[in-house]
Amino acid sequence: MKIKVRVSHEEDTKYVFLICQKIKESAKIRGTGIAKKDPEYIKLKMIHGNAVIAFCDEKLAGFSYLETFQNEEFVVNSGLIVFPEFRKQGLAKIIKIEIFKLSKKKFPNSKIFSITTSNPVIKINTELGFKPVSFSELTHSEEFWKGCKSCANFDILTKNQRKMCLCTGLLYNPNNKNHKYKQNINYLSTGDRIVLAYSGGLDTSYCLKYLIQEKYEVHTVIINTGGFNKDELYKIEKRALSIGSKSHKTIDAIEEYYQNCIKYLIFGNILKNNTYPLSVSSERIFQAIKIAQYATFIQAKAIAHGSTGAGNDQIRFDIAFQIICPEKITLSPIRDMKVSRKEEIEYLKNKGVSICWDQAKYSINKGIWGTSIGGKETLTSSHDFPEEAYPTKLRKKKSENLKLEFEKGELVSVNKEKGKAIKNIIKIENIASKFAIGRGIHIGDTILGIKGRVAFEASAAIIIIKAHHLLEKHILTKWQLYWKEQLSNWYGMLLHEAQYLDPVMRDIEKFLKSTQERLTGTVDIILYPYRFHLVGIESKFDLMTFSNSNIAKYGEMNYAWTAEDVKGFTKILSNQMKIYHNLNKKE
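This one's a predicted model, so the numbers in the text were calculated from it and none came from an experiment.

1. Some details on the overall build of the protein chain
Tallying secondary structure elements over the protein chain gives 20 helices and 23 strands in all. Here the C-alpha radius of gyration of the protein chain, 32 Å, is well above what a compact globule of 587 residues would show, namely 25 Å. In terms of principal-axis extent, the alpha carbons of the protein chain reach across some 105 × 75 × 55 Å. Looking at the protein chain as a whole, 48% of its 587 residues are labelled buried.

Structure representation (structure tokens):
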């Protein structure tokens, strides 16, 4: 179930009568609470953004609003309602937290209070830092207390001269430095369920053991976007369970990754800084999306990842989780506690988890679109990567021909053997990696504003992009190529900087796809050790072939214009430049 709780706006006023009706029905069943709410008053709360509204699977599910008294000295969180069919799923707590956050944001210096007979609501408020108080410590505004008239217990309130009733008064005072409210109002309790993004490496293994030791119920999940085979996935699952994961889930997202990302990286011929095919960095958003969906499915309260505080991946994970499941807490133990690699290894050894991570000289992240490699050399600006650092070694020295066929921009065959795009990518990787093609070192700007250096090998990605680009040079017009390059650069930049979920990305994808309508043909390539050569293309949409036959052969013969046509054309084309330079002469 997908839960979304947000601040209200004017369009939400269409729900006002339903909300008021649900509040009335709920008060009647409880036999307490303010039963009558003025729809017009609630409308104003919605319009002015002084309410939060909840949806479950896009269906209206709950509501709460705030109002101020005594010149904004007090803010009350009121009208909390969860529709019956959506109860017992933690929605009341999410709504309560969001209305509290909204109150603090809009009125940071105001005291926030609530009166309720609901034990669960009292518990939530107490955890947020509210204190039980007598009614005398709450607002003295007559307007507020008049609102209690529709409650079945109003006579009890009046008989006690507003000093007490069946409700409990709860107050949050922002000036009280001793209250237990944490700056991060999202909190966890012993036994809460956490989903951990688990790759089986040192960082995520440390996170798994640490969270278990903190007495949380940890479930691990790995999203395979092409970097693992069945045997590797089995070993990762076995390791997770041996460390103590409550359950482990492997989710295949290769096809989704291709359809929603790789395809557009090919359409756009995208190489970051004209070098790096966004190999592993492009996978993270799809892994994060799947992890968020899984966390929602098993009703986890939090999601954890093993990112450090110095890289891009932490941003990619955090942003995706905040957008897809904002009600869940994001944890990153290594980043939050600044744990070093040495400390991680020592901690795991002390807890009985002894695996030889310290023997690995290089950090390897493999995916279907390439492999990134980190090591001591990438921490410098001058040192090259040794041969041993690259996972794939040179195994072929004799040249080999390779033929790729594209239909509407997508790779449909390799060496005349038809196959789905994913299988074709794997096939090219198997062929070209034997030549150690596609190696490189990328230096670029991180999302955090620092420079980063990484080695990579991506033979399939580099060959496919270069072959596709050559085909486009023959088929697309000058201005199609120009504007594709501009938007493709932006697409790659935005993808790299964790902006995949911005709607502009869907707009660029539509443009890129539209340019591929005629992108059909074959490309011939020769593979050599460490390099490849693009021989040429064949396509019925080749503008050069058509031009040679009907219009002109570049540098040799023209059929479609005369010498006089060219003289007139150049005279008009040069007009503005002639005006500019003649004016300069007069000056």
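2. Some words on the packing of aromatic side chains
Inspection of every chain in the model, using the stated rule, returns 23 aromatic pairs. Judged by centre distance (5.5 Å) and plane angle (75 degrees), the rings of Phe69 and Phe144 are edge-to-face. Here Phe144 lies in helix α5 (residues 142-146) and Phe69 lies in strand β3 (residues 59-69), a separation of 75 residues in the sequence. Taken together, a centroid distance of 6.1 Å and an interplanar angle of 55 degrees make the contact between Phe385 and Tyr390 tilted. Tyr390 shares its class with Phe385; the two are buried. Connected via pairs of aromatic rings, a cluster forms that spans Phe69, Phe74, Phe113, Phe135, Phe144 and Trp145.

3. What to know about the packing of helix α7 (residues 202-213) against helix α8 (residues 230-243)
Following both chains from N to C, one finds α7 and α8 inclined at 25 degrees, their axes separated by 10 Å at the closest point. For the element pair α7 / α8, the angle class is roughly parallel. Remark: the crossing between α7 and α8 carries right-handed chirality. Contacts between α7 and α8 involve Ser205, Leu208, Lys209 and Ile212 from the first element and Arg239, Ala240 and Ile243 from the second. Grouping the constituent residues of the contact of α7 with α8 by class yields four nonpolar, one polar and two charged.

4. Re the environment of Leu91
Here Leu91 lies in helix α3 (residues 91-106). Looking at Leu91, the relative accessible area reads 2%, which means it is buried.

5. Concerning the sheet that holds strand β18 (residues 439-445)
With antiparallel pairing, four strands are arranged side by side in an open sheet as β13-β14-β19-β18. Where the open sheet ends on each side, the last strands, each with one partner, are β13 (363-367) and β18. Between one strand axis and the next, the sheet turns by 25 degrees as a mean value, whatever way the strands run.

6. Remarks on a nonpolar patch on the surface
Together, Phe546, Ile551, Trp561 and Val566 line one region of the surface with nonpolar side chains, adding up to about 350 Å² of accessible area. Structurally, the position occupied by Trp561 is in the loop between β23 (557-558) and α19 (563-573).

7. With respect to unusual backbone geometry
We note that Lys338 has phi near 50 degrees; this positive angle belongs to a residue other than glycine. In this structure, Lys338 sits in the loop between α12 (333-337) and α13 (341-350). Under the relative-accessibility criterion, Lys338 is labelled exposed at 74%. Phi at Ala436 takes a positive value of approximately 55 degrees, unusual for a residue other than glycine. Relative to the helices and strands, Ala436 resides in the loop between α14 (421-432) and β18. Taking the relative accessible area as the measure of exposure, Ala436 reaches 4% and is therefore buried.

8. Digging into helix α10 (residues 284-297)
A rise of 1.5 Å per residue sets the reference length of α10, with its 14 residues, at 20 Å; its end C-alpha atoms lie 20 Å apart and thus fit the reference within 8%. In terms of residue burial, α10 counts as a mostly covered element, since 12 of its 14 residues are buried. Buried within α10 we find Arg284, Ile285, Phe286, Gln287, Ala288, Ile289, Lys290, Ile291, Ala292, Tyr294, Ala295 and Thr296. Two residues or fewer past α10, Gln299 is found with a positive phi of approximately 60 degrees.

9. Considering the packing of helix α9 (residues 254-267) against α14
Axes are the key here: two packed helices are described by the angle between their axes and the distance separating the axes. At a minimum axis separation of 10 Å, α9 and α14 run at an interaxial angle of 90 degrees. In terms of orientation, α9 and α14 fall into the roughly perpendicular class. Between α9 and α14, the residues in contact are Ile254, Glu255, Tyr258 and Ile262 and Ala421, Ile422 and Ile425, respectively. Of the residues assigned to the contact of α9 with α14, the class counts are six nonpolar, no polar and one charged.

10. Quick word on the sheet that holds strand β20 (residues 521-528)
Spatial ordering of the open sheet is given by β17-β16-β15-β20-β21, a layout of five strands whose pairing is antiparallel. Only two strands of the sheet have a single neighbouring strand rather than two, namely β17 (417-418) and β21 (531-538). As paired elements, strand β15 (residues 400-407) and β20 share seven bridges and run antiparallel to each other. The residue of β20 that forms the bridge with Asn401 is Ile526. Along the sheet face, helix α15 (residues 459-475) touches β15, β16 (410-414), β20 and β21 and points at about 35 degrees away from the line of β21.

11. Points about the pairing of β16
The buried fraction of β16 amounts to four of the five residues, a majority that puts the element mostly inside the structure. Joining the antiparallel neighbours β15 and β16 is a turn of two residues, in which Lys408 adopts a positive phi near 50 degrees. Linking two consecutive strands that pair antiparallel, namely β16 and β17, is a turn of two residues; a positive phi of about 50 degrees is found at Asn415 within it.

12. Notes on α15
Along an α-helix, residues three or four positions apart point the same way, because every turn accommodates 3.6 residues. Over its 17 residues, α15 extends 25 Å from the first C-alpha to the last, a length consistent with the 24 Å expected when each residue adds 1.5 Å. Where burial is concerned, most of α15 is hidden: 14 out of the 17 residues are buried.

13. Some details on the side chain of Lys272
Structurally, the position occupied by Lys272 is in the loop between α9 and α10. Despite being buried, Lys272 has no salt bridge partner; Glu497 is the closest side chain of opposite charge, sitting 5.9 Å away. Other than its neighbours up to four places away in sequence, Lys272 contacts Leu278, His442, Met493 and His496.

14. A short note on the pairing of strand β19 (residues 451-457)
Across the seven residues of β19, five count as buried, placing the element largely inside the fold. Across three bridges, the pairing between strand β14 (residues 370-374) and β19 is antiparallel. Note on β19: the bridge partner recorded for Thr371 is Glu457. In this sheet, β19 lies alongside β18 in antiparallel orientation, the contact comprising seven bridges. In the sheet register, Gly444 faces β19, and the bridge partner there is Gly452. In this structure, the hairpin formed by β18 and β19 is closed by a connection of five residues, where Gly449 is found at a positive phi of approximately 95 degrees.

15. Things to note about the pattern of salt bridges
Scanning the entire structure with this criterion turns up 25 salt bridges. When the shortest N-O distance is used, the salt bridge between Lys235 and Asp231 registers 3.4 Å. Of the two residues, Lys235 and Asp231 both sit in helix α8, four residues apart, roughly one turn of that helix. Lys235 gets classed as exposed once you look at its relative accessible area, which sits at 53%. The exposure class assigned to Asp231 is partly exposed, which follows from its relative accessible area of 43%. With a shortest N-O distance of 2.8 Å, Glu387 and Arg439 are connected by a salt bridge. Residue Glu387 is found in the loop between β14 and β15, and its partner Arg439 is found in strand β18; the two are separated by 52 residues along the sequence.

Rules of the game
Starting from 1, residues in each chain are numbered consecutively following that chain's sequence as written. For this predicted model, a pLDDT threshold of at least 70 governs which residues receive local features, and a threshold of 80 or more governs which side-chain atom pairs are given and counted, while totals over whole chains, interfaces and linings are taken from all residues. Side-chain metrics in this entry use all non-hydrogen atoms of the structure; hydrogen atoms and water are not considered. Put simply, DSSP marks the helices as runs of H or I at least four residues long and the strands as runs of E at least two long, and each gets a number from the N terminus on. The size measure is the radius of gyration over C-alpha atoms, and the globule rule it meets is 2.2 Å times the number of residues to the 0.38 power. Note on classification: 1.4 Å probe, protein chains only; a residue is buried when its accessible area is under 20% of the maximum for its type, exposed when over 50%, partly exposed between these limits. Ring pairs are drawn from Phe, Tyr and Trp, using the six-membered ring of Trp, whenever the two centres fall within 6.5 Å, and their geometry is named by plane angle: stacked under 30 degrees, edge-to-face over 60, tilted for the rest. Whenever a helix is involved, its axis is fitted only over the stretch in contact; in every case the axis is a line through C-alpha atoms, and angles between N-to-C directions fall within 0 to 180 degrees. Orientation categories follow fixed angle ranges, with anything under 35 degrees roughly parallel, anything over 145 roughly antiparallel, 65 to 115 roughly perpendicular, and all other angles oblique. In a left-handed crossing the near helix is turned counterclockwise from the far helix by less than a right angle, and in a right-handed crossing that turn is clockwise. Residues are treated as being in contact if the distance between any of their heavy atoms lies within 4.5 Å. Amino acids are sorted into nonpolar (Ala, Val, Leu, Ile, Met, Phe, Trp, Tyr, Cys and Pro), charged (Asp, Glu, Lys and Arg) and polar (every other residue, Gly among them). Strand pairing is defined by DSSP finding a minimum of two bridges between the two strands. Two distance rules govern patches: like charges are joined within 9 Å, and nonpolar side chains (Val, Leu, Ile, Met, Phe, Trp, Tyr) within 5 Å, applied only to residues with over 30% relative accessible area and no salt bridge. Throughout, the Shrake-Rupley method with a 1.4 Å probe supplies accessible areas, and for residues the shown protein chains are the sole cover considered. We count a salt bridge whenever a side-chain nitrogen from Lys or Arg sits within 4 Å of a carboxyl oxygen from Asp or Glu. Expected span of a helix, by definition, is 1.5 Å for each gap between consecutive residues, and there is one gap fewer than residues. Counting rule applied: Lys, Arg positive; Asp, Glu negative; His and chain ends not counted.

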